[in-house]
Amino acid sequence: WNKELGKITIKGGTDDHQTAFYSALYHTMVSPNIYTDVNGEYRGTDLKVHKAENFTNYSVFSLWDTHRAQNPLQTIINRKRTGDWINTFLVQYKYGGMLPVWELSGNETFCMIGYHAVPVIVDAYQKGIRNFDAALALKAMTSYAESNRYGLEQYRQQGFVGNDFDHESASKTVEYAYDDWCISQFAKWQGNEAVYQQYQQR
């Protein structure tokens, strides 16, 4: 923990201020957790055993809670771990058919809204963390965005989720719009003009 917390050095303030800061920093590193046996094998979202190749598999992605602040921090102080998380997202898509929303122990809980694996991937890529398959990442992003989960069909048709159609409608609209903007930027960086224009409009 001294090594991990030592990635940021602060000065000034009282001892209580510094204790509060390092306690908060510690809390940013409690999860996600490594989710493999010592030989790299893990149970995938298809409930079969797979082996992580060239990355460490993780679990416990509370992405609605973390994509705004915790994940951007980790792109600065834990770049390798961030790459491992993104590769974990991609095997969850490969074996389970979707990027994680709020994943726990290799299982999707769907307990929050949006598809916030997207901004985590996009932020990391923008900061030069690119040890993952970008084409697969874009395919995984659009796969979720084009699904009919949780008001997405209505959102695509009319530009928002109506309260008479689905609950948490205003929040879902905001979350989907932000995630779609992230997809548009990622597509632009990949030179995919069609996807860029489609999601920029959305």
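Keep in mind that this is a model prediction, so the values were computed, not measured.

*Asks:* Go over the sheet that holds strand 6 (residues 102–104) with me, naming the residues and quoting the values.
*Replies:* Judged by pairing direction, the sheet is antiparallel, and its 3 strands sit side by side in the order 5-6-7 without closing on themselves. The sheet is open, and its two edges are formed by strand 5 (61–62) and strand 7 (107–108), each paired on a single side. As judged from the 2 bridges shared by strand 5 and strand 6, these two strands associate in the antiparallel manner. In the strand pairing of strand 6, Ser 62 is matched with Trp 102.

*Asks:* Describe the packing of aromatic side chains, with residues and values.
*Replies:* Enumeration according to the criterion identifies 12 aromatic pairs in this entry. Judged by centre distance (5.1 Å) and plane angle (85°), the ring pair of Phe 21 and Tyr 22 falls under edge-to-face. You can call Tyr 22 partly exposed: its relative accessible area is 23%. Taken together, a centroid distance of 5.7 Å and an interplanar angle of 50° make the contact between Phe 110 and Tyr 150 tilted. Taken as a pair, Phe 110 in the loop between strand 7 and helix 6 (117–126) and Tyr 150 in the loop between helix 7 (134–145) and helix 8 (152–158) lie far apart in primary sequence, 40 residues in all.

*Asks:* With reference to specific residues and values, describe the pattern of salt bridges.
*Replies:* Pairs can form between side chains of opposite charge once their charged atoms are near each other. In total, this model carries 9 salt bridges according to the counting rule given. One salt bridge connects Arg 68 with Glu 175, and the closest N-O pair in it is separated by 3.3 Å. Residue Arg 68 is located in the loop between helix 3 (63–66) and helix 4 (70–77), and its partner Glu 175 is located in helix 9 (residues 169–189); the two are separated by 107 residues in the primary sequence. Arg 68 gets classed as partly exposed once you look at its relative accessible area, which sits at 46%. Within the structure, one salt-bridge network assembled from shared partners comprises Glu 146, Arg 156, Asp 180 and Arg 202.

*Asks:* Requested: an account of the packing of helix 6 against helix 9, with residues and values cited.
*Replies:* Running from amino to carboxyl end, helix 6 crosses helix 9 at an angle of 35°, the nearest separation of the two axes being 9 Å. The chirality of how helix 6 crosses helix 9 is left-handed. Here helix 6 contributes Val 118, Pro 119, Ile 121, Val 122, Tyr 125 and Gln 126 to the contact with helix 9, which in turn contributes Tyr 178, Asp 179, Cys 182, Ile 183, Phe 186 and Trp 189. When its residues are assigned to classes, the contact of helix 6 with helix 9 shows 10 nonpolar, 1 polar and 1 charged.

*Asks:* I'd love a proper account of helix 6, names of residues and values included.
*Replies:* For helix 6, a buried count of 9 out of 10 residues is recorded, marking the element as mostly surrounded by other parts of the structure. Burial in helix 6 covers these residues: Ala 117, Val 118, Pro 119, Val 120, Ile 121, Val 122, Asp 123, Ala 124 and Tyr 125. The secondary structure elements touched by the buried residues of helix 6 are helix 3, helix 4, helix 5 (79–96), helix 7 and helix 9. Just past helix 6, the residue Gly 128 takes up positive phi, approximately 90°.

*Asks:* Could you give an account of the environment of Glu 193, naming the residues involved and the relevant values?
*Replies:* Looking at where Glu 193 falls in the secondary structure, it is placed in helix 10 (residues 193–201). With relative accessibility at 45%, the residue Glu 193 sits in the partly exposed group. Within the structure, Glu 193 has its side chain in polar contact with the side chain of Gln 197 (distance 2.7 Å).

*Asks:* Give a detailed account of the side chain of Asp 179, specifying residues and quantitative values.
*Replies:* Looking at the secondary structure, you find Asp 179 in helix 9. Notably, Asp 179 is buried but unbridged: the nearest opposite-charge side chain belongs to Arg 68, and the N-O separation is 8.4 Å. Sequence-distant contacts of Asp 179, defined by excluding residues within four places in its chain, comprise Gly 114, Tyr 115, His 116, Val 118 and Pro 119.

*Asks:* Describe helix 10, naming the residues involved and giving the relevant values.
*Replies:* Every buried residue belonging to helix 10 is among Val 195, Tyr 196 and Tyr 199, and all of these are buried. For helix 10, the angular spread of buried residues about the axis comes to 105°, placing them on one side. Opposite the buried face of helix 10, by more than 90 degrees, sit the exposed residues Ala 194 and Gln 201. Contacts made by the buried residues of helix 10 are with helix 7 and helix 9.

*Asks:* So what's going on with the nonpolar core? Residues and values would help.
*Replies:* One finds Phe 89, Leu 99, Ile 121, Met 141, Ile 183 and Phe 186 to be the most contacted residues of the largest nonpolar core, which totals 39 residues. Looking at this core, the elements with two or more residues in it are helix 5, helix 6, helix 7, helix 8, helix 9 and helix 10.

Cut-offs and rules
Residues numbered from 1 in each chain as written. Predicted model: local features only at pLDDT ≥ 70, side-chain atom pairs only at ≥ 80, totals over all residues. Heavy atoms only, no water. Pairing = 2+ DSSP bridges. Helix = DSSP H or I, 4+ residues; strand = E, 2+ residues; numbered from the N terminus. Phe/Tyr/Trp six-rings, centres within 6.5 Å; stacked < 30°, edge-to-face > 60°. Buried < 20%, exposed > 50% of the residue type's maximum accessible area, 1.4 Å probe, protein only. Salt bridge = Lys/Arg side-chain N within 4 Å of Asp/Glu carboxyl O. Axes fitted to C-alpha atoms, helices over the stretch in contact; angles between N-to-C directions. Left-handed = near helix turned anticlockwise from the far one by under 90°. Contact = heavy atoms within 4.5 Å. Nonpolar A, V, L, I, M, F, W, Y, C, P; charged D, E, K, R; others polar. Polar contact = N/O pair within 3.5 Å; in protein donor to acceptor, adjacent residues only side chain to side chain. Lys, Arg positive; Asp, Glu negative; His and termini not counted. Arc of directions from axis to C-beta. Core = buried A, V, L, I, M, F, W, Y, C linked by side-chain atoms within 4.5 Å.

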